Amino acid sequence: MLSVRDTDKTFAAGWPIAAAVPVIYHGKYIEKGPIMYDVNPLAYALRVGSLGTENAPFVTDRVTGMMTTYAQVWQQAEQVAGVLVSLGVAPGDRVAVQVPKSVAAIPLYLGTVLCGAVHLPLNTGYTATEIDYFLTDARPRVFVCCPANLAALGPVAAKAGVDTVLTLDADGGGTLADALQQATPIAQAVPRAADDLAAILYTSGTTGRSKGAMLTHDNLASNAASLRDLWRFTADDVLIHALPLFHTHGLFVAINVTLMAGGALLLHRAFDAGAVLDDFAHATALMGVPTFYTRLLDLPGLNRDAARHMRLFISGSAPMLTETHHLWHDRTGHWVLERYGMTETSMSTSNPYAGLRKPGTVGLPLPGVDLRVVDDAAAPVPLGAVGGVEVRGPNLFAGYWQMPDKTAEDMRPDGWFKTGDLGQLDRDGYLTIVGRSKDLIISGGYNIYPKEVETLIDALAGVAESAAFGLPDPDLGEVVAVAVVLAPGADLDADAIRAGVADDLARFKLPRHVYFLPALPRNTMGKVQKAQLRAQFAPS
Ligand code: MLC
Ligand code: AMP
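Residues numbered from 1 in each chain as written. Chains lettered and ligands numbered in written order. Predicted model: local features only at pLDDT ≥ 70, side-chain atom pairs only at ≥ 80, totals over all residues. Heavy atoms only, no water.

Visitor: Please clarify how the overall build of the chain should be interpreted in this entry.
Guide: A tally of helices and strands in the chain yields 17 helices and 26 strands. The C-alpha radius of gyration computed for the chain amounts to 23 Å, which stays within 12% of the reference 24 Å derived for 540 residues, consistent with globular compactness. Projected onto its principal axes, the C-alpha positions of the chain cover 75 × 55 × 50 Å. Here the chain holds 540 residues, and 56% of them are scored as buried. Looking at the chain as shown, the accessible area adds up to about 21,200 Å², and 55% of this sits on carbon and sulfur atoms. Both charge centroids of the chain, one from 42 positive and one from 54 negative side chains, sit 3 Å from each other. (Helix = DSSP H or I, 4+ residues; strand = E, 2+ residues; numbered from the N terminus. Rg over C-alpha atoms; globule rule 2.2 N^0.38 Å. Buried < 20%, exposed > 50% of the residue type's maximum accessible area, 1.4 Å probe, protein only. Areas by Shrake-Rupley, 256 points an atom, 1.4 Å probe, with all protein chains shown as cover. Lys, Arg positive; Asp, Glu negative; His and termini not counted. Charge placed at Lys NZ, Arg CZ, Asp CG, Glu CD.)

Below is the structure:
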């Protein structure tokens, strides 16, 4: 039985998250039999949110209706940790995961953290070629995949030197579940320091090579604590969870904030606007990308009455049109709270909970986060002028996995991180993201780096060169388009281009539009003019 007692125990000096979450860190000590969490900063920060309410619901699977309590989810996490330790997973080892969204994926994340390992979630859309890259680069000790993909991915993992491959399906079945039956739960959370890694999330790179963003215990704990307080999440909250579990938004913002607040989740396995709208009657909050909101706005049933039980609608990961903010307010009476973040920084800004939410802006820096808008020489631009957005604070990642050069490119010696976003500050300190200096397409909240698409298309027989770019799309915000120059005599159509790269590229990265040109537009320096392509092919 879990017991909580107040003590005068003081925490290790210099533990930065103590400052971020003063209430829960002062004198609280959790004990469950021999298990101790307080040596493991992130597990501890997430665990203390449900002190005294262990039998409260944590997550309900919206397909089966099955509810899992806090006590159960942590017990499962302790079992996962037991399995991983028995497989030889040591502190700092990576546990890579490409599994369908399920309730069981949550204790897999928590158990990995509990045993001191590094959670490495991968987009379920990635092909075997992409997985090969991630496993070879990250060299995880364990890889968990969907049983249906085992035949294809088992050899990929073996080639990458992965010790053990386990499986987990959308209903929680697979060899991981079998191992859990036999497992001895971990008896003691594995000690970690605040700046030890808790997760690596891969994010696409401008060169076409994905980079693993290394996130520490303190990065994740401090950001979640800030957001919980800022957005006023409490044990009374019920969050509709319809985002994927392999990105910052659905994993760290949604799961960590809810755990820390002691609230509940309604877990949708995928986004279905009708099912999400049905949940408004039982829930208090929604976190989504702008596509969620535009699809919900298409439903005639979306109105004030339907939204009356909800207290908060949060959007991020991609820009929400001002028009969508106004339409949402007209239909529901709520202003969407837009925030801004990035895999490398977790969340950096947010519109206020109680103050003015300014449509079109991403709000103010979070407490403890420094933000500036600068010119190329790193000098702050005048108020209202456009410049590069830079961020510094406890939210900032520890660098790119085994890419010190890339880290040094983006991180200034004095700790400022260049986000690659272009923004402007207004006189109230609100940030507006006006564009990106990085060549990046954001489609439905997924990032696609054009270089990766171009490299594969350029390699096709019959292609001379190509340029990938984003075109506006009413549903996904942007979609991938590509301009292709064929080699003399080549006869390829759009389907042939798509088919030629389909084995190597997740389907969300495949070009929706393919245009054939005699030559790519270039400036006098020879640089391809993507703005010109965007203008030329912009939908009318
Ligand atoms: C799916 N498809 C996409 C796509 N999502 N294509 C382009 N862009 C996308 N985002 C493709 C599939 O490959 C498939 O192609 C077809 O669309 C239908 O797939 P689906 O799974 O049924 O799609 P759908 O459910 O409609 O998904 C759309 C979506 C989803 C918007 C609900 O993409 C989504 O959940 N996005 C959220 C991403 C997210 O969490 N981002 C946060 C990143 S963290 P085919 O060819 O097979 O038919 C971050 C930091 C921060 O950015 O600030 O938060
Ligand atoms: P990712 O690398 O997937 O974490 O994506 C991060 C990028 O998403 C940021 O650098 C921004 O370009 C973009 N982004 C996130 N939130 C917003 C927002 N509210 N408005 C505009 N762009 C956003």
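So that's the structure; there's more coming.
Visitor: Can you walk me through the packing of aromatic side chains in this structure?
Guide: What characterises a pair of aromatic rings is the spacing of the ring centres plus the angle enclosed by the ring planes. Taken as a whole and assessed by the stated rule, the structure comprises 18 aromatic pairs. Ring geometry for Tyr126 against Phe134: centres 4.8 Å apart, planes inclined by 35 degrees, an arrangement best described as tilted. For the pair Tyr126 and Phe134, one class covers both residues: buried. With a centroid separation of 5.2 Å and an interplanar angle of 75 degrees, the aromatic rings of Phe397 and Phe417 are classed as edge-to-face. Pair noted here: Phe397 is in the loop between β19 (387–392) and α14 (404–410) and Phe417 is in strand β20 (residues 417–425), with a separation of 20 residues, a long-range link. By the ring-pair criterion, three or more aromatic residues cluster together here, those being Tyr126, Tyr133, Phe134 and Tyr202. For the cation-ring pair, Arg47 lies above Tyr37, with the distance from its terminal atom to the ring centre recorded as 5.5 Å. Stacked on the ring of Tyr430, the Lys or Arg Lys358 has its end atom at 4.3 Å from the ring centre. (Phe/Tyr/Trp six-rings, centres within 6.5 Å; stacked < 30°, edge-to-face > 60°. Lys NZ or Arg CZ within 6 Å of the ring centre and 35° of its normal.)

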